[in-house]
Every structure is written in structure tokens, then in C-alpha cells.
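Each chain is listed here by its residues.
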Amino acid sequence: MQWFNVGKIVNTHGIRGEVRVLSRTDFPEERFAVGTKLGLFTPDAKKPITVKIASHRQHKNFELLTFEGYPNINDVEPFKESYLRIAEHDLTELEDNAFYHHEILGCAVYSTEGQELGKITEILETGANDVWEVTPEKGKKHYIPYTEEIVKEVDIDEKKVIIEVIEGLLS
């Protein structure tokens, strides 16, 4: 089974079993909803611990969570530096022209003329729109904004993206 990061436990919070989570999801209200089950991957564990969220609230830039069966700080102290992940079968359908990062990473990028430009190696979240880092086999990386003007076609099944190369984009 494949697992996808939704957050990292960076510390405990208080004495009542709350953990401070740095969110890695665009859907924190859904991923951290009360009753949701997540895989908790400690740094040295081979298999995840399944945890069920008992409470969720936001505090500053963090999500504060408690888990059922872990009522105090001593229970959650070993979870520091662990990752919270969601199973692939629990991923929700996205709206049209929206993709999960794992679907985009590794896609080959081609110009509308058919020239291969490289593979998507990183996704930078800039606020207005994502920027895809495209790494060619030789030469320097390109940064492609994910906009309708530039990205013309995304085929997840074929791992292929077609872009319109406008003046100055690849320089």
C-alpha cells in the first residue's frame, strides 16, 4: 500500500496528549477531522501505527491534534519527528485540472512542437499558482508556472505534460 504525507509531528503541546503538527496538505480540515484514521510513521519504525483523531484545532501555523487512546504527554512524546500519512485508497477525487503532487512529479514535459524539455522534479507552492521545476538530462533547470496560458495538457496516465513555450520561459 502507498502512503502520502499529510503532516509532521514537530512537538507535543501541553500535558493532555496534544501534538503540534506541521501540515503538508491542502485539506487540513478534511485530513485532520475528528474520527479520521491516519498512519503514524515513527522515524525508526517499519510499519505505521494507526491512529484515530480525537480532536483537532489550529494554533498559530500548526494543527494541534489528539489521538484516541493517547490521553497524556507521556503517550505522545515518542511520536515527535514522526510523519502522519494517508493511505492511497483514502485520497479524495480532485476537481478538474487539479492534481496531487505525487501524480505530477516525474512527468515528462514536452513543448507543443514535441520537443522533450525534461521531467518535473519539484513543485514549488508560490501562492498565486504552483511552479513546476523541470530538470532536463543536460543543462539548467526550468521553472514552469502552472497556468492555463502555459500548461496545455496534463496526462497523468501517460506521465506526460505539454506546455506552450512563450518567449523568455526557458531562458
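The model shown is predicted, which means the values in this text are computed figures rather than measured ones. (Residues numbered from 1 in each chain as written. Predicted model: local features only at pLDDT ≥ 70, side-chain atom pairs only at ≥ 80, totals over all residues. Heavy atoms only, no water.)

Remarks on the sheet that holds strand E11 (residues 151-155)
Taken in spatial order, the 6 strands of this open sheet run E10-E9-E8-E7-E12-E11, and their pairing is mixed. With partners counted over all chains shown, the strands left at the sheet margins are strand E10 (142-145) and E11, one partner each. Here the average twist between neighbouring strands, direction ignored, is 35 degrees. One ladder, built from 4 bridges, connects E11 with strand E12 (residues 160-163); its direction is antiparallel. Looking at the pairing, Asp 155 lines up with Lys 160 of E12. (Pairing = 2+ DSSP bridges. Helix = DSSP H or I, 4+ residues; strand = E, 2+ residues; numbered from the N terminus. Axes fitted to C-alpha atoms, helices over the stretch in contact; angles between N-to-C directions.)

With respect to the layout of surface pockets
A water-sized probe, rolled over the atoms, reveals where empty space remains. Volume-wise, the largest pocket comes out at about 820 Å³. Around the largest pocket sit 27 residues that line it, and Asp 26, Phe 99, Tyr 100, His 101 and Glu 125 are the ones nearest its centre. Elements that contribute at least two residues to the lining of the largest pocket include exactly strand E1 (3-13), strand E6 (83-87), helix H3 (101-104), strand E8 (116-125) and strand E9 (130-135). Per-element tally for the lining of the largest pocket: the top contributor is E1, with 4 residues. Here the residues of the lining of the largest pocket sort into 15 nonpolar, 6 polar and 6 charged. (1 Å grid on protein atoms, 1.4 Å probe; cavity = no way out; pocket = protein on both sides within 12 Å on 5 of 7 lines; lining within 4 Å. Points joined across faces, edges and corners; volume = space filled by probe spheres on them. Nonpolar A, V, L, I, M, F, W, Y, C, P; charged D, E, K, R; others polar.)

Description of the environment of Glu 77
Tracing the sequence through the fold places Glu 77 in the loop between helix H2 (73-76) and E6. Considering only alpha carbons, one finds Glu 77 and Ile 15, 62 residues apart in sequence, at a separation of 10 Å. At a separation of 3.0 Å, a polar atom in the side chain of Glu 77 contacts the side chain of Lys 80. (Polar contact = N/O pair within 3.5 Å; in protein donor to acceptor, adjacent residues only side chain to side chain.)

So, unusual backbone geometry
In this structure, Glu 81 takes a positive phi of about 70 degrees despite not being glycine. The exposure class assigned to Glu 81 is partly exposed, which follows from its relative accessible area of 40%. (Buried < 20%, exposed > 50% of the residue type's maximum accessible area, 1.4 Å probe, protein only.)

So, the sheet that holds E6
The sheet built from 6 strands closes into a barrel, its strands ordered E1-E2-E5-E4-E3-E6 with antiparallel pairing. Going from strand to strand, the sheet's axes swing by 50 degrees on average, the running direction of each strand aside. Here strand E2 (residues 18-23) runs beside strand E5 (residues 62-67); their pairing, made up of 3 bridges, is antiparallel. Of the residues in E5, the one forming a bridge with Val 21 is Glu 63.

Things to note about the pairing of E5
Here is the key point about a regular strand: its side chains alternate between the two faces of the sheet. In terms of burial, E5 is a largely internal element, 5 of the 6 residues being buried. Of the strand pairs in this sheet, strand E4 (residues 49-59) and E5 are connected by 6 bridges, and their pairing is antiparallel. Looking at the pairing, His 59 lines up with Phe 62 of E5. Joining the antiparallel neighbours E4 and E5 is a turn of 2 residues, in which Lys 60 adopts a positive phi near 55 degrees.

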